[in-house]
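Examining the three-dimensional arrangement
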Amino acid sequence: FLCLVGFVHETYHELLSPSERLWFDAFQQASTPAQCLYVRLLGRRSDVFRQSKLQYAEIPDIETAAQELCALGLIAREAPESLEVLCEKFTKQELQRLSVTAVAKQVSRPQLLEHLLQQESKTQTRALQQADQWLTVIGQREYAIFSLCFFGNAYQDASEFVLRDLGIVQYENYTIDQSSRAFQCRSQLDKHIQLLDCKNALDQIDPSEPDELLALIDKLPNTNEGDEPLKRRTDRIRNSIARQLERLNQAENALSVYRLSDHHPCRERQVRLLHKMDRFDEAMRLCKAIQAKPYSDEEAQFVRIFMPKLAKSLNLPSKREKTFKPESHKLTLSKTDHRVEFITQDFYKQFGDCFYVENTLFNAVFGLFIWDILFLNLPGVFYNPFQSAPVDFYHSEFSKNRKTQLQERFAELQDPLKFSARVWENFESKANLSNPLVNWAYLSEALLSKALLRIPAQHWHVIFERMLSDLRSHTNGFPDLILFPSDGGYELLEVKGPGDALQKNQRRWMAFFSLHRIPCRVIHVRWAQEGQLSEST
């Protein structure tokens, strides 16, 4: 806590409001026991506490610490006015004892609460207020703003310190200073606070009420000033609200909200809605716009599949694109309690070394290969010491901002020994450090040795290039297994159990593998009758 608020006070001092600075100053004036109590309470979900229920080994005198925090304006000691809030703080047995009217012992807690709340009795409220001393934390919003400044986002919190100190997660070292802070001016910070308020409001409103959803759209921050993280996060909320409006049969409202967004799947959803509303010409114009400049391979694939259906609705001639069919085999195995992928892995071990890799092998080797580029100290990409990746990692800016370094690094793939040496060096020197591409639990020396020896450099090259073109989409969808046959080479195996089918991203990878002659096939597993094992095309 001291590290977090101290860093923000120093780094963002001129951006902080008077109330935020006063909050920090008040905390600094508190004694260590009082600070400990405040941090304890601030870290809990509630903001109202019964003093008799507070007991912490590091705080010898709760009463003295509470008095001090009250004098500094960091807690209030008045009892809550709300009967509902008061009831939440007592056990069923306590509520029965403190009830001003007789209550049967066998009633459930929900029934007891309903009974007490229906009365709306001032006498009952007073009885609960006087049953204990009360502490209400002040400053949650200020702390939320300090936390937002420190992490640069709303999904990380102080638990990151705990995970690091316990050694559960370890991070790479990179420079963090005032030049790399997340927010450069107060207006930018205010917009992210505004977005955070809207996100919290989204969790509170009634999702079945279109008016409440649309009212929230109007409260979202303006995103036309080049703040890409703000734009992405705001569009995510817009897409979520628009999708809910669809479910409520609010097609026109959903369309209007999707049109405010520039992130997938906003255009795909618009096309589907327009087609459903028989507005085929509008849908076709949008499909052509997507064809000309798709946001992603996923969006481009959608248009290829949907266009024939749309052309049919417009009575236009269309040529249905031939669906790619990967090489596949049927395999009959005995069912056990293990996952189908592991049962299949055991079967193929008779032909050579077979590893379960799914999305781990190619990601990990790529992460090891470009490790230093991934953690390159560029302005504005590292905000806090708990980042597994720069903030632009999953976006097009990542490769654009590091174009020269990546081009030079990819040239090393022409020399398999240099490529292999770099991967091994980082495998050994960066062990267990957090990297968005490297899952250390699935990366063994045996697997890495086989992969670097058997997989041609050209295959690594084209796979890495495709991954780099869309790191969010292209770091998943890889086959489950890799087989290194005893007589050399390698083969990727995607395992599908009974009733399971290929996902769209898996089909895209397999079409890519086929284009570049990367060996891959789908294994369709069915369960055998006793004693029946077989493999067939």
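What this report covers is the structure whose coordinates are included nearby. (Residues numbered from 1 in each chain as written. Predicted model: local features only at pLDDT ≥ 70, side-chain atom pairs only at ≥ 80, totals over all residues. Heavy atoms only, no water.)

1. Thoughts on the side chain of Ser-17
Mapped onto the elements of the fold, Ser-17 is located in the loop between α1 (2-11) and α2 (18-29). One polar contact links Ser-17 to Ser-19, side chain to side chain, over a distance of 3.1 Å. (Helix = DSSP H or I, 4+ residues; strand = E, 2+ residues; numbered from the N terminus. Polar contact = N/O pair within 3.5 Å; in protein donor to acceptor, adjacent residues only side chain to side chain.)

2. Looking at unusual backbone geometry
Among all residues save glycine, negative phi is the norm, and among peptide bonds the norm is trans. Following His-264, the chain continues into Pro-265 via a peptide bond in cis, with omega recorded as 10 degrees. Summarising the element assignment, Pro-265 is placed in the loop between α14 (251-258) and α15 (266-276). At Asn-249, a position not held by glycine, the phi torsion is positive, near 60 degrees. On the secondary structure map, Asn-249 appears in the loop between α13 (228-247) and α14. Residues other than glycine seldom take positive phi values, yet Asn-432 does so here, at roughly 75 degrees. Mapped onto the elements, Asn-432 comes out in the loop between α23 (416-429) and α24 (445-454).

3. Things to note about the environment of Arg-40
With respect to the helices and strands, Arg-40 occurs in helix α3 (residues 32-42). Given the relative accessible area of 37%, Arg-40 is considered partly exposed. C-alpha separation for the pair Arg-40 and Lys-430, spaced 390 residues apart in sequence, amounts to 35 Å. Each residue touching Arg-40, except ones within four places of it in the same chain, is listed here: Tyr-56, Glu-58 and Ile-59. Polar contacts involving the side chain of Arg-40 include one to the side chain of Glu-58, which spans 2.7 Å. (Buried < 20%, exposed > 50% of the residue type's maximum accessible area, 1.4 Å probe, protein only. Contact = heavy atoms within 4.5 Å.)

4. Structural notes on the packing of α23 against α24
Interaxial distance between α23 and α24 falls to 11 Å at its minimum, and their mutual angle equals 165 degrees. Here α24 runs roughly antiparallel to α23, going by the angle between their axes. At the point where α23 passes α24, the crossing takes the right-handed sense. Here Phe-419, Ser-420, Val-423, Trp-424 and Phe-427 of α23 come into contact with α24, specifically with Glu-445, Leu-448, Ser-449 and Leu-452. (Axes fitted to C-alpha atoms, helices over the stretch in contact; angles between N-to-C directions. Parallel < 35°, antiparallel > 145°, perpendicular 65-115°, else oblique. Left-handed = near helix turned anticlockwise from the far one by under 90°.)

5. Considerations on the packing of aromatic side chains
Scanning all chains against the criterion turns up 46 aromatic pairs. Consider the rings of Phe-347 and Phe-351, whose centres lie 5.9 Å apart with planes at 65 degrees: the pair is edge-to-face. Plain terms: the ring middles of Phe-369 and Phe-464 are 5.9 Å apart, the flat faces sit at 25 degrees to each other, and that makes the pair stacked. A residue pair is termed long-range when its members are at least 10 positions apart, and Phe-369 in helix α19 (residues 361-369) and Phe-464 in helix α25 (residues 457-469) qualify at 95 residues. Phe-464 shares its class with Phe-369; the two are buried. One aromatic cluster is present, built from ring pairs that chain together Phe-362, Phe-366, Phe-369, Phe-410, Phe-419, Trp-460, Phe-464, Phe-478, Trp-509, Phe-512 and Phe-513. (Phe/Tyr/Trp six-rings, centres within 6.5 Å; stacked < 30°, edge-to-face > 60°.)

6. A closer look at the sheet that holds strand β2 (residues 75-76)
Strands sit in the order β1-β3-β2 across an open sheet of 3 strands; the sheet is antiparallel. Strands with a single pairing partner mark the edges of an open sheet, and in this sheet they are β1 (48-50) and β2. Bridging between β1 and strand β3 (residues 134-137) involves 3 bridges; their strand directions are antiparallel. Its bridge partner lying in β3, Arg-50 is registered against Trp-134. (Pairing = 2+ DSSP bridges.)

7. Examining the pairing of strand β8 (residues 520-527)
Inspection of the sheet shows strand β4 (residues 328-333) paired to β8 by 6 bridges, in the parallel sense. Bridge pairing in β8 links Leu-331 to Val-525. Pairing geometry for strand β7 (residues 491-496) and β8, over 5 bridges, is parallel. Bridged to Lys-496 within β8 is His-524. Handedness of the crossover joining β7 and β8 through helix α26 (residues 504-515): right-handed. (Right-handed = clockwise from strand over helix to strand, strands pointing away.)

8. Structural notes on the nonpolar core
Within the largest apolar cluster, 56 residues are counted, with the highest numbers of intra-cluster contacts made by Trp-460, Ile-463, Phe-464 and Ile-482. A total of 7 residues in this core trace back to one element, the largest contributor, which is α19. When residues no more than four places from it in sequence are discounted, the contact partners of Phe-464 are Phe-362, Val-365, Phe-366, Phe-369, Phe-410, Leu-413 and Phe-419. Phe-7, Phe-49, Leu-54 and Ile-193 belong to the second-largest nonpolar core, a separate cluster that totals 44 residues. (Core = buried A, V, L, I, M, F, W, Y, C linked by side-chain atoms within 4.5 Å.)

9. Brief notes about α19
Most of α19 is tucked away: 9 of the 9 residues are buried. Those residues of α19 not exposed but buried are Leu-361, Phe-362, Asn-363, Ala-364, Val-365, Phe-366, Gly-367, Leu-368 and Phe-369.

10. Regarding the packing of α15 against helix α16 (residues 280-292)
For the pair α15 and α16, the least separation of the axes is 8 Å and the interaxial angle reads 160 degrees. If you check the angle between α15 and α16, you find them roughly antiparallel. Where α15 crosses over α16, the two elements pack in a sense that is left-handed. Across the interface between the two elements, Arg-267, Gln-270, Val-271, Leu-274 and His-275 from α15 touch Phe-280, Glu-282, Ala-283, Leu-286, Cys-287, Ala-289 and Ile-290 from α16. For the contact of α15 with α16, the per-class residue count stands at 8 nonpolar, 2 polar and 2 charged. (Nonpolar A, V, L, I, M, F, W, Y, C, P; charged D, E, K, R; others polar.)

11. What to know about the side chain of Glu-494
Note that Glu-494 resides in strand β7. Since its relative accessible area comes to 1%, Glu-494 is described here as buried. Of note is the side chain of Glu-494, whose polar atom sits 3.4 Å from the side chain of Lys-496. Discounting residues that sit within four places of it in the chain, Glu-494 has contacts with Phe-478, Pro-479, Asp-480, Leu-502, Gln-506, Met-510, Arg-521, Val-522 and Ile-523.

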